[in-house]
Number of protein chains: 2
Amino acid sequence: MSTDTDNDLSLESQLCFSLYAAQLAVGRTYRRLLNELALTYPQYLVMLVLWERDGQGVSRIGELLHLNSATLTPLLKRLETAGLLVRQRSSTDERQVTVTLTEEGSALRQRAACIPAQAFDASHCSPEELASLKASLDQLRHNLDQ
Amino acid sequence: MSTDTDNDLSLESQLCFSLYAAQLAVGRTYRRLLNELALTYPQYLVMLVLWERDGQGVSRIGELLHLNSATLTPLLKRLETAGLLVRQRSSTDERQVTVTLTEEGSALRQRAACIPAQAFDASHCSPEELASLKASLDQLRHNLDQ
DNA sequence: TCAATATAGATCGTGCGCGATTTAATTGCA
DNA sequence: TGCAATTAAATCGCGCACGATCTATATTGA
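Analysis parameters
Residues numbered from 1 in each chain as written. Chains lettered and ligands numbered in written order. Predicted model: local features only at pLDDT ≥ 70, side-chain atom pairs only at ≥ 80, totals over all residues. Heavy atoms only, no water. Helix = DSSP H or I, 4+ residues; strand = E, 2+ residues; numbered from the N terminus. Rg over C-alpha atoms; globule rule 2.2 N^0.38 Å. Buried < 20%, exposed > 50% of the residue type's maximum accessible area, 1.4 Å probe, protein only. Areas by Shrake-Rupley, 256 points an atom, 1.4 Å probe, with all protein chains shown as cover. Lys, Arg positive; Asp, Glu negative; His and termini not counted. Charge placed at Lys NZ, Arg CZ, Asp CG, Glu CD. Contact = heavy atoms within 4.5 Å. Pairing = 2+ DSSP bridges. Buried area = accessible area lost by both parts, 1.4 Å probe. Salt bridge = Lys/Arg side-chain N within 4 Å of Asp/Glu carboxyl O. Polar contact = N/O pair within 3.5 Å; in protein donor to acceptor, adjacent residues only side chain to side chain. Nonpolar A, V, L, I, M, F, W, Y, C, P; charged D, E, K, R; others polar.

Engineer: Now, about the overall build of chain A: what can you tell me, with residues and values included?
Structural biologist: When helices and strands are counted, chain A shows seven helices and three strands. When the helices and strands of chain A are read in sequence order from the N terminus, they spell out α-α-β-α-α-β-β-α-α-α. Taken over C-alpha atoms, the radius of gyration comes to 19 Å for chain A, far larger than the 15 Å a tight globule of 146 residues would show. Its C-alpha atoms put chain A at 65 × 35 × 25 Å along the principal axes. Among the 146 residues that make up chain A, the fraction classed as buried is 45%. For chain A, the exposed area adds up to about 7800 Å²; of that, 49% sits on carbon and sulfur atoms. Measuring between centres, the 14 positive side-chain charges of chain A sit 9 Å from its 18 negative side-chain charges.

Here it is as structure tokens:
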């Protein structure tokens, strides 16, 4: 594909670009699926974390999603405004903000239950392919994070 | 991994989240590498396109990168302000804007030549792994775009 | 020929991401 | 005890992404 003297800035649109484009495509797919729930894709990820374990601090959520407070704070405020969760300062450590689902936030889980299957259908890939892809991506992310 | 009655919204943080997190990690890696060139990662992708074939229209660039004009127009204006390219209305079709590299924009290619190898090193993955990952991602994106 | 349609970019509004900085609370240790 | 260092969020500024809409130009066909 490239000569040995070629620094290959064109083909370099290789993995990094494929990953970028695939992520944008997944984002578009989830935008359609989540439109009904009035959630964005990053908001959905936060809800996944809270549905799995409610009452976490902002830092812990950021650790799990690899996002920092500059991203999370406004996102959580929007979810609070939407009535899906409550942010309150911890009484034992006033520096921390505990994020807790509201009744409505918990209930939304039922309506979201169909999302994974729909996303799977849209991928037109086998479970084996997707599992292998996931493993490679996790490995890559881990390596890049040192 | 999950029971058959489990809708698995937790494990669902499966592929979609791995892809999301991997893309963020790659973005952070490239941010470091591109800092020297004063380019952002999306700007770098546009430059890759132009280094490969100069003098394209905005739509064509958007087609190649899967980005629309709402994203590209301001991005291209920033690259123009930086002196890397020129945007001018086509004389044959006044609707089109032709994007052309400046001397400086073309020259930047030399300084970018080391980026792919550095990114490869940071991945700590084998070429085979990365090629296989790229193929899966391209397939996935293609399927999601229908 | 000229009004309907299509096409190319630009613009607007919203919501991420994140480096850098700030504010406030807690901890540690001299 | 007291104050420097640390930690947790919040804030600021910038640059994507993109749905929706707008403007200008080009095409088309009755």
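What follows picks up the thread again.
Engineer: For the environment of Leu72(B), give the residues involved together with the corresponding values.
Structural biologist: All names here are of chain B. With respect to the element layout, Leu 72 can be found in helix α4 (residues 69-81). Along the backbone, Leu 72 and Pro 42 are 30 residues apart, and their C-alpha atoms lie at a distance of 9.4 Å. When sequence neighbours within four positions are dropped, the list of residues in contact with Leu 72 reads Val 46, Val 58, Ile 61, Gly 62 and Leu 67.

Engineer: Mind laying out the sheet that holds strand β1 (residues 56-57) of chain B, listing which residues take part and the relevant values?
Structural biologist: All names here are of chain B. With antiparallel pairing, three strands are arranged side by side in an open sheet as β1-β3-β2. Taken across any chain shown, the strands that pair with only one partner, and hence form the sheet edges, are β1 and β2 (85-89). Here β2 pairs with strand β3 (residues 97-101) via five bridges, running antiparallel. Considered in β3, the bridge of Arg 89 is made with Val 97.

Engineer: Which residues make up the interface of chain B and chain A, and what values do they have?
Structural biologist: Often, the extent of an interface is quoted as the loss of accessible area upon association of its parts. Taken together, the contact between chain B and chain A spans 56 residues of the former and 56 residues of the latter. Carbon and sulfur atoms make up 69% of the surface buried where chain B meets chain A, a total of about 5100 Å² over both sides. Of all residues in chain B, Leu9(B), Tyr20(B) and Leu144(B) bury the most surface against chain A, accounting for 14% of the area lost on that side. Where chain B touches chain A, the interface holds two salt bridges. Note that Asp145(B) and Arg28(A) form a salt bridge whose closest N and O atoms lie 3.9 Å from each other. Linking chain B with chain A are ten residue pairs in polar contact (both at pLDDT 80 or more). Those elements giving two or more residues to the side of chain B that touches chain A turn out to be α1 (15-35), α2 (41-52), α3 (58-65), α5 (103-112), α6 (115-123) and α7 (127-144) of chain B. Per-element tally for the side of chain B that touches chain A: the top contributor is α1(B), with 16 residues. Tallied by class, residues from the side of chain B that touches chain A come to 31 nonpolar, 14 polar and eleven charged.

Engineer: Describe the pattern of salt bridges, with residues and values.
Structural biologist: A side chain of one charge can pair with a side chain of the opposite charge when the charged atoms of the two come close. Evaluation of the coordinates by the stated rule reveals twelve salt bridges over all chains. A salt bridge links Arg60(A) to Glu63(A); its shortest N-O distance comes to 2.7 Å. With a gap of three residues between them, Arg60(A) and Glu63(A) both fall in helix α3 (residues 58-65), about one helical turn apart. According to the relative accessible area criterion, Arg60(A) is partly exposed, its value standing at 38%. One salt bridge in this structure joins Arg87(B) and Glu80(B), with 3.1 Å as the shortest N-O distance. Because the salt bridges share partners, they merge into one network encompassing Arg28(A), Arg141(B) and Asp145(B).

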